[in-house]
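Spelled out from the first residue to the last, the chains are:
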Amino acid sequence: MDEFEEILQDFLIEAFELIEQLDQDLVELETRPDDLDLLNRIFRVAHTIKGASSFLNFDVLTHLTHHMENLLNMARHGDLVIDANVMDVILESIDLMKALLVRIRDSSSDAGVEVAGCVERLDAVANGEASVVPVAVVVEPIVAIKAVEDEVDYSQLSEAEVEAEIERLLAEKQTEAMAKRSSAQVVIEEEPDYSNMSDAEVEAEIERLLLEKQAQDAAKRANKSQNSTPPPPAPLAPVVVAPVPPKVEAAPPPKPAATPRRSEPKEEGGESKGGATVEQTIRVDVKRLDHLMNLIGELVLGKNRLIKINDDVEERYEGEAFLEELNQVVSIVSLVTTDLQIAVMKTRMLPIGKVFNKFPRMIRDLSRELNKKIELEITGEDTELDKSIVEEIGDPLVHIIRNSCDHGVEIPQIRLDAGKEEVGTIQLKAYHEGNHIVIQIIDDGKGLDPEMLKSKALDKGLITEKEADGMSDKEAFALIFRPGFSTAAQVTSVSGRGVGMDVVKTNIEKLNGMIDIDSEVGRGTSMKLKIPLTLAIIQALLVGVQEEYYAIPLASVLETVRIAKDDIYTVESRSVMRLRDEVLSLVHIGDIFEVERVFDNSEHAYVVVLGLAESKIGLIVDTLIGQEEIVIKSLGEYLKGIEGIAGATIRGDGGVTLIVDVAALMLMAKSVKSTVGQTGSEAKKIGVKNSASDYCVMIVDDSKTDRTIIRKSLEPLGITIVEAVDGIEALNILKQGDHFFDGMLIDIEMPRMDGYTLASEIKKYNKYKNMPLIAVTSRSGKADRMRGVESGMVEYITKPYSPDYLMNVVKRNIKFTEGF
Amino acid sequence: MSEKLQQIINRQNNALVGNEQKVEEVIQLVGFIVGDEEFSIPILSIQEIIKPISWTRVPQTPAYILGVFNLRGSVIPLIDLRARFGLELQKHTEETRFIVMKNGDDVAGFVIDRLTEAIRMPKRDVGPAPDTVAESDTMIDGVGKQADRIVTILKVHKLLERNF
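Because the structure is predicted, anything quoted here is derived from the model rather than measured.

Cut-off values and rules
Residue indices begin from 1 for each chain and proceed along its sequence in written order. Labels are handed out in written order, letters beginning with A for the chains and numbers beginning with 1 for the ligands. Given that this is a predicted model, residues contribute local features only at a pLDDT of at least 70 and side-chain atom pairs are listed and counted only at 80 or more, while totals for whole chains, interfaces and linings are drawn from all residues. Put simply, DSSP marks the helices as runs of H or I at least four residues long and the strands as runs of E at least two long, and each gets a number from the N terminus on. Around each residue's C-beta, the other C-beta atoms within 10 Å are counted; 20 or more make the residue buried, 12 or fewer make it exposed, and counts in between make it partly exposed. All C-beta atoms are placed from the backbone. For every residue pair, C-beta atoms are placed from the backbone, and the pair is scored as a contact if these atoms sit within 7 Å. Lys, Arg, Asp and Glu make up the charged group, whereas Ala, Val, Leu, Ile, Met, Phe, Trp, Tyr, Cys and Pro make up the nonpolar group; the residues left over, Gly among them, are polar. Each nonpolar core consists of buried Ala, Val, Leu, Ile, Met, Phe, Trp, Tyr and Cys residues. Their C-beta atoms, within 7 Å, join them into a set. Only C-alpha atoms enter the line fits that serve as axes; for helices the fit covers just the stretch in contact. Angles between N-to-C directions range over 0 to 180 degrees. An angle below 35 degrees is read as roughly parallel, one above 145 as roughly antiparallel, one from 65 to 115 as roughly perpendicular, and any other as oblique. Whether a crossing is left-handed or right-handed is set by the direction in which the near helix is turned from the far one by less than a right angle, anticlockwise for left-handed and clockwise for right-handed. Regarding the arc, it is the one traced by the directions from the helix axis to the C-beta atoms. Strand pairing requires that DSSP identify at least two bridges connecting the strands. Each residue carries a pLDDT score, the predictor's confidence in it, ranging from 0 to 100.

Draft legend 1. Region of interest: the overall build of chain B. Helix and strand counts for chain B stand at 3 helices and 11 strands. When the helices and strands of chain B are listed from N to C terminus, the series reads α-β-β-β-β-β-α-β-β-β-β-β-β-α. The buried share of chain B, reckoned over its 164 residues, is 24%. Relative to all contacts within chain B whose residues are 6 or more apart in sequence, the contacts with residues 24 or more apart total 52%.

So this is what it looks like as structure tokens:
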């Protein structure tokens, strides 16, 4: 049984791979119904699946594929013209085949899917009853085109072609006769047009026949021995070879309604040219690649750390000989890590063609359904991007393309009236741009009308009149991403339910991507999706606010600007700034992340302009640290889903830095009350003193006597006094933050850390940047005073001093108000 | 002779069985102090105990979540048990420790005031949690009675459960 499982798995993988190419080929086939290569390829897929499924006892699937094969074989021999109706039936059967395969994958059985109807239609079409109405597909038959197809211009046939035609007809007759003779039609359908085959193909055909026989025998045996598998062999429906169609083969390629074509008609999987190039590939479980990627992530963190340590060492041991060597090792490790990372990333890359492949079929179906003529042009399907992104990008693209078909491209009559070509074009492009992949969907339809969008949004109550007035065209275009917005006057089965584009936005945001819409009324719409290549290791901009750091995915950063505080305006209690010709709304990162804001007196601020999907916002930060490669780590089960935080990363110093979730941040920004330009609320709170003991002063002195003298001098004020014996202890007390100090009295000469060092250390703390530091010392030289000022002392009291003098200096500096 | 041998074997077997029962009955706990009370958790739910290291604040979380810290490459949440139990915050001292607890895939670090000792306690000495605490909501698994004191045993899975 295990062996069976294994075979089944292989079969499924192969079958799904085959089918992926199939859709593409089929649609192309409609354009070039006489392309024998293409037909052969499609035929082989049906055939392979049939052979394998009969071997594996999937009778329903075998039954279906058998009839498909039959039909395709006729087409291959030229007994049947593939027109839109025939194609509908074929596509329907392919869909059914897919459904069956999915079912087999999920339940290891193909029972329960109804194929009889489809088989009937297949047979009917094979019988030449072109009028058969396939289910579910609106038949707005393209009569005119069909006529063109059927009409074959014999006069255009060369002599050789006529010869071939005659020969073919003869062969057909024979085949037909054989069909009548033989009850088991296996033989017949295996009767390919040998004259059309290359040697390699004949070889392959023979091998295939053998395999087929074996497979069938095996299947029969399996059936006998395995009574537990209920479904009996599919009843072999009589094969009807189509009555010789009037004229075929050399018909000039008609121009059907939907002509999806690739601009680079690249013959993929050119198997027919023989198996000369053996693919050098190996199947690897995605889990292993994921694991590898995780390990690389750890390595990158290690590398970052190493670089940081190297820098520190360099600073400390400048000029030492071993530094050179260390430098070399660090740079080699760093180089190799980067290369390794790229190499592993490449193993996870898939061509975006995997996603694009399903669109020609979709466009074809849509254009039939909507009675429009649409052509799809695909470029850059070889562009590669990470597997996880390929999986995510499919849905948004489906929505956008459906939208372009439904709302963008007009119906032929309107197009003609507007002086455009009857056939609308949708271009699907993919290309690399730096660390991003850009996917562009361009249609030449009616375009988006900003005024119409605005009034629509107003009607639906999505925006206010005021907002509408102040909206730029781009902002108006962005309205289509609002939930509940739908521009189709009529809700169709294709779109207009107002869910689609909203989903697009969410999905693209999930990928840290951006959307850029451009549109011109009457000329068409272009949508540009910009998506980072990978998700696990990203480039980030590190920013600082007070004493905290945050990492912002660089993919979402459009630019950074340094502005003066005066450049920030307040409009309706929201902060905005003018950025070139745009008005950018601003939000302070501290407001978003509840950062305790102490003092911030700098005249300037940095604004990081963030762009995501179609929206923009300016994020005010205190400092810009720089760009770094970071590895995204989850915050774990306990802390997941924290608003505004996408994850965490470990920095070179071993600390954890949180990664900003730009999408969430933009949402949060809407509800955050702006405090930009105001002094921190914390500072205000501190300013409120209700009693003398709310004032707090620290005395730093190594001599107990001195500390006592100072304490005694200040006691009359009734303020809180904290003592420290040296600089280190003083710093620790500050760090603990049990008290907020209004001032400090510092002795200069102390063990472990002297007063100057302490003062300059304290100035590094944002919170205490403006705290008055008073030196109390016996050093009275001018140089000492100078040093004191340099390190940030505001007063210089020389011992000995009178208690009153000391008290007054302190009172003045901590702005002590009497009267409590 | 063989009878005697049989007896000896029987006795040995009995002794073995007895031992096993005894082993089964003993639970091993690690005791620690938070505030004025001694708590304990099963030793097997402890991944490691480390001295305090720096952590990063995480916004939009309750006050008892101090943030996250880096434990050899893993980002782990840090929870202050004093705050969690509604006690007043205290500055970390020389004796403060982070206990990293795990329950399945859930891991978190907990700040405690100080460790006491590893406790071996017969299972029969563990009583149920006091009735006054709501049955389903309580973090208390039971109360261990020892000669000179009582130790509250905490439910690790409850501690590691997100409740905001």
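Draft legend 2. Looking closely at the overall build of chain A. A count of helical and extended segments in chain A gives 27 helices and 24 strands. Burial status across chain A gives 36% buried among its 820 residues. Within chain A, contacts between residues separated by at least 24 positions form 72% of all contacts whose residues are at least 6 apart in sequence.

Draft legend 3. Local environment of the environment of A:T708. Residues and elements named next belong to chain A. Counting through the fold element by element, T708 comes out in helix α23 (residues 704-714). When the 13 C-beta atoms within 10 Å are taken as the criterion, T708 is described as partly exposed. Note: C-alpha distance between T708 and E723 (15 residues apart in sequence) is 9.6 Å.

Draft legend 4. Highlighting the interface of chain B and chain A. Contacts between the two partners involve 21 residues from chain B and, on the opposite side, 24 residues from chain A. The set of elements that each furnish at least two residues to the side of chain B that touches chain A consists of β4 (65-71), β5 (74-80) and β7 (106-112) of chain B. Classifying every residue of the side of chain B that touches chain A gives 10 nonpolar, 6 polar and 5 charged.

Draft legend 5. Highlighting the nonpolar core. Counting 122 residues, the largest nonpolar core has B:V68 and B:F110 as the members making the most contacts within it. Looking at this core, the element that brings in the most residues is strand β9 (residues 537-545) of chain A, giving 7 residues. Setting aside residues up to four positions removed in sequence, B:F110 forms contacts with B:I79, B:L81, B:F98, B:I99, B:M101 and B:L159. Core analysis: the second largest hydrophobic core is formed by 46 residues, A:I49, A:L91, A:I94 and A:L101 among them.

Draft legend 6. Structural context of the packing of helix α24 (residues 727-736) of chain A against helix α25 (residues 755-763) of chain A. Residues and elements named next belong to chain A. At a minimum axis distance of 9 Å, the contact between α24 and α25 shows a crossing angle of 20°. What the angle tells us is that α24 and α25 run roughly parallel. Crossing of α24 against α25: the hand is right-handed. Here G727, A730, L731 and L734 of α24 come into contact with α25, specifically with T757, L758, E761 and I762.

Draft legend 7. Here's a closer look at helix α21 (residues 662-671) of chain A. Among all positions of α21(A), only A:V662, A:A663, A:L665, A:M666 and A:A669 are buried. The arc enclosing the buried residues of α21(A), seen along the axis, measures out at 165°, which places them on a common side.

Draft legend 8. Fine view of the environment of A:V810. Residues and elements named next belong to chain A. Structurally, the position occupied by V810 is in helix α27 (residues 803-813). The class of V810 is buried, set by 25 C-beta atoms lying within 10 Å. Once the C-alpha coordinates of V810 and L773 are considered, the two residues, 37 residues apart in sequence, prove to be 9.6 Å apart. Residue contacts for V810: discarding those within four places in its chain leaves V697, L714, G743 and I774.

Draft legend 9. Seen up close, the sheet that holds strand β9 (residues 126-127) of chain B. Strands sit in the order β8-β1-β2-β11-β10-β9 (chain B) across an open sheet of 6 strands; the sheet is mixed. The open sheet terminates on both sides in strands that have one partner only, identified here as β8 (114-122) and β9 of chain B.

Draft legend 10. Just the pairing of strand β10 (residues 548-553) of chain A, in detail. Residues and elements named next belong to chain A. Two strands pair when backbone bridges link them, and β9 and β10 are joined in this way by 6 bridges, in the antiparallel orientation. Each bridged residue has a counterpart across the sheet, and for L541 the counterpart in β10 is I552. Strand direction decides the pairing type here: β10 and strand β19 (residues 656-660), joined by 2 bridges, are parallel. The partner of A551 across the bridge, within β19, is I659.

Draft legend 11. Looking closely at unusual backbone geometry. Residues and elements named next belong to chain A. In this structure, N371 takes a positive phi of about 60° despite not being glycine. Along the polypeptide, N371 turns up in the loop between α13 (358-370) and β3 (374-379). Positive phi, normally seen in glycine, also occurs at Q546, with a value near 50°. Mapped onto the elements, Q546 comes out in the loop between β9 and β10.

Draft legend 12. Representation of the pairing of strand β7 (residues 514-520) of chain A in the model. All names here are of chain A. Where β7 and strand β8 (residues 524-532) come together, 7 bridges link them in antiparallel fashion. Its bridge partner being in β8, S519 is matched across the sheet by T525. Hairpin connection from β7 to β8: 3 residues lie between these consecutive antiparallel strands, with G522 at a positive phi of about 85°.

Draft legend 13. How the structure looks around the packing of helix α4 (residues 84-107) of chain A against helix α5 (residues 116-126) of chain A. All names here are of chain A. Contact pair α4 / α5: the axes reach a minimum separation of 10 Å and the direction vectors enclose 150°. Judged by the angle between their axes, α4 and α5 are roughly antiparallel. Judged by the twist between their axes, the crossing of α4 over α5 is left-handed. Here α4 contributes V86, V89, E92, S93 and L96 to the contact with α5, which in turn contributes C118, R121, L122 and V125. Grouping the amino acids of the contact of α4 with α5 by side-chain chemistry returns 6 nonpolar, 1 polar and 2 charged.

Draft legend 14. Quick look at the confidence of the model for chain A. Residues and elements named next belong to chain A. Averaged over every residue, the pLDDT of chain A is 74; residues scoring 70 or more account for 75%. Ignoring residues within four places in sequence, the model shows residues 183-192, a span with pLDDT below 50, making 19 contacts including any to other chains. Confidence over residues 493-498 falls short of pLDDT 50; this stretch has 21 contacts with residues more than four positions distant or in other chains.

Draft legend 15. Geometry of the sheet that holds β7(B). Residues and elements named next belong to chain B. Spatial ordering of the open sheet is given by β3-β6-β7-β5-β4, a layout of 5 strands whose pairing is mixed. The open sheet has two free edges, formed respectively by β3 (46-50) and β4, since each of these has just one partner strand. For this sheet, the mean angle separating the axes of adjacent strands, direction not counted, is 30°. As defined by bridge partners, β4 adjoins β5 across 6 bridges and the pair is classed as antiparallel. Directly across from I65, in β5, lies its bridge partner I79.

Draft legend 16. Spotlight on the confidence of the model for chain B. For chain B, per-residue confidence averages 83 on the pLDDT scale, and residues scoring 70 or more make up 89% of the total. In the model output, the complex is listed with pTM 0.49 alongside ipTM 0.78.

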